[in-house]
Amino acid sequence: MEKAIGVIDSGVGGLTVAHELMRQLPKEKLIYLGDTLRCPYGPRSQEEVRSFTWEMVEFLLEKDIKMLVVACNTATAFALEDLQQKLDFPVIGVIQPGARAAIKFTQNNHVGVIGTEGTIRSEAYTKALKGINAGIHVNALACPLFVPMVEKGILHGEHAEQVVQEMLHPMKANNHIDTLILGCTHYPLLRDTIQNVIGKHVTIISSSEETAREASTILEFHNMLRQEADPPRHQFYTTGEMEIFSRIAQSIFTKPVNHFESVTIEKAVIC
Ligand code: DGL
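Residues numbered from 1 in each chain as written. Predicted model: local features only at pLDDT ≥ 70, side-chain atom pairs only at ≥ 80, totals over all residues. Heavy atoms only, no water.

Another point: the side chain of Thr36. Following the sequence through the fold, Thr36 ends up in the loop between β2 (30–34) and α2 (46–61). The class for Thr36 is buried, based on a relative accessible area of 17%. Reaching out from Thr36, the side chain makes a polar contact with the side chain of Thr238 at a distance of 2.7 Å. (Helix = DSSP H or I, 4+ residues; strand = E, 2+ residues; numbered from the N terminus. Buried < 20%, exposed > 50% of the residue type's maximum accessible area, 1.4 Å probe, protein only. Polar contact = N/O pair within 3.5 Å; in protein donor to acceptor, adjacent residues only side chain to side chain.)

Take the state of the cysteines next. By the definition in use, this model includes zero disulfides. Counting only cysteine sulfurs, Cys184 is the nearest neighbor of Cys72, a cysteine outside any disulfide, at a range of 6.8 Å. (Disulfide = S-S within 2.5 Å.)

This part covers empty space enclosed by the protein. One pass over the full model with this rule turns up three cavities of 30 Å³ or more. Volume-wise, the largest cavity comes out at about 70 Å³. Residue lining of the largest cavity: 13 residues in total, with Ser10, Thr74, Thr116, Val147 and Cys184 positioned closest to the centre. Residues belonging to the lining of the largest cavity are distributed by class as follows: five nonpolar, seven polar and one charged. If you add up the space inside the second largest cavity, you get close to 40 Å³. The wall of the second largest cavity is formed by Val113, Thr119, Ile120, Glu123, Ala124, Tyr125, Thr126 and Ala140. Of all the elements in the fold, those that place two or more residues in the lining of the second largest cavity are α5 (117–122) and α6 (124–132). Ranked by the residues each element gives to the lining of the second largest cavity, the list is headed by α6, at three residues. A breakdown of the residues in the lining of the second largest cavity according to their chemical character gives five nonpolar, two polar and one charged. (1 Å grid on protein atoms, 1.4 Å probe; cavity = no way out; pocket = protein on both sides within 12 Å on 5 of 7 lines; lining within 4 Å. Points joined across faces, edges and corners; volume = space filled by probe spheres on them. Nonpolar A, V, L, I, M, F, W, Y, C, P; charged D, E, K, R; others polar.)

So, about the confidence of the model for the chain. With 93% of its residues at a pLDDT of 70 or more, the chain has an overall mean of 92. Across residues 266–271 the pLDDT falls below 50, and counting only partners more than four positions away or on other chains, this stretch makes eight contacts in the model. (pLDDT = per-residue confidence, 0-100. Contact = heavy atoms within 4.5 Å.)

With that settled, consider helix α1 (residues 15–24). Among the 10 residues in α1, seven count as buried, and that is most of the element. Along α1, the residues classified as buried are Leu15, Thr16, Val17, Ala18, Glu20, Leu21 and Met22.

Evaluated as defined, the whole model comprises 13 salt bridges. Note that Glu2 is salt-bridged to Arg226, the shortest N-O span being 3.1 Å. Taken together, the positions of Glu2 in the segment before β1 (4–9) and Arg226 in the loop between α10 (208–221) and β9 (235–238) put the pair 224 residues apart, joining distant regions of the chain. In this structure Glu2 comes out as partly exposed when scored by relative accessible area, which is 38%. What makes Arg226 buried here is its relative accessible area of 3%. Between Glu210 and Arg213 there is a salt bridge, with the nearest N and O atoms lying 2.7 Å from each other. Pair noted here: Glu210 and Arg213 are both in helix α10, with a separation of three residues, about one helical turn. (Salt bridge = Lys/Arg side-chain N within 4 Å of Asp/Glu carboxyl O.)

Before going further, it helps to spend a moment on the pairing of β1. Of all the six residues making up β1, six are buried; the element is thus mostly covered by neighbouring parts of the structure. Burial of β1 is two-sided: the residues Ala4, Gly6 and Ile8 facing one way and the residues Ile5, Val7 and Asp9 facing the other way are all buried. Pairing of β1 with strand β3 (residues 65–70), which is carried by five bridges, proceeds in the parallel orientation. Along β3, the bridge assignment pairs Ile5 with Met67. Two strands pair when backbone bridges link them, and β1 and β2 are joined in this way by five bridges, in the parallel orientation. Note that in β2 the partner of Ile5 across the bridge is Leu30. Regarding the hand of the β-α-β motif, the stretch spanning β1, α1 and β2 is right-handed. (Pairing = 2+ DSSP bridges. Right-handed = clockwise from strand over helix to strand, strands pointing away.)

Around the ligand, 14 residues are found, and the nearest of them are Ser10, Tyr41, Asn73, Thr74 and His186. Between the ligand and Asp9 there is a distance of 2.9 Å, counted from a nitrogen atom to a side-chain nitrogen or oxygen. Ser10 is positioned with one of its side-chain polar atoms (N or O) 2.6 Å from an oxygen atom of the ligand. One can see that the ligand is located within the largest cavity. Grouping the amino acids of the shell around the ligand by side-chain chemistry returns six nonpolar, seven polar and one charged. (Near = heavy atom within 4 Å. Sits in = over half its atoms within 2 Å of the grid points.)

Counting residues in each nonpolar core, the largest one holds 53 residues, and the members touching the most others are Ile114, Phe146 and Ile194. Per-element tally for this core: the top contributor is helix α8 (residues 157–173), with six residues. Counting residues in each nonpolar core, the second largest holds 25 residues, with Ile31, Leu33, Leu68 and Phe89 among its members. (Core = buried A, V, L, I, M, F, W, Y, C linked by side-chain atoms within 4.5 Å.)

Written as structure tokens, this is what we have:
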């Protein structure tokens, strides 16, 4: 099937998921849209996140996609169910895969989750984790300063370290966790700093691997894998500044990507 996998995020964070999709499904074509202009989604209301998410989906629907990966935890928490009900192709989010991966790794059933204010407020991870294992203890913490920092391309160094120290302090102070879910797709870009601050004894989970595995399983099950032998031409779009977006993308991807374009999302009328 020549159609692409659509991938959406509020900005550059979903590129961490796109990277893993490219690794696990090298024949598949991706069309990525990051809504950098309106990032962050984390502090916004459920209604606003849902409406922005639908606007991104409308953009991708014009490009003809066969599957949608909501590579944004905030959009997954607030809009996944709605998208799954209304779209007639597979739609997957990043929360359930992240929860599954954490349950696989925890030894003491104490799992930490960090994410945006919206994701933490929704309690989507707590529900997903306890839905699988009611005995899991969840320590959830919002880290609102991480996304704006990542979108500026500040991923290492003294300032990044200081912000991560400050944000993770409440979790460190009362810390039985042996596993920490990066419940925002921007956070893997700060992974080394987060690992240094939280300590080596904590296993860090990013949901991208498990999400890509789920995409692969679903495409195979529905006989929707791309058959064409020629290499896929991915497309990456941002609603914001192309230069910083492509700089961060190039630092994530090992191979150069071949299409960056700045786009405007039209107001979508959909319900
Ligand atoms: N990457 C996003 C997430 O996974 C979004 C962050 C934001 O825009 O606040 O939640």
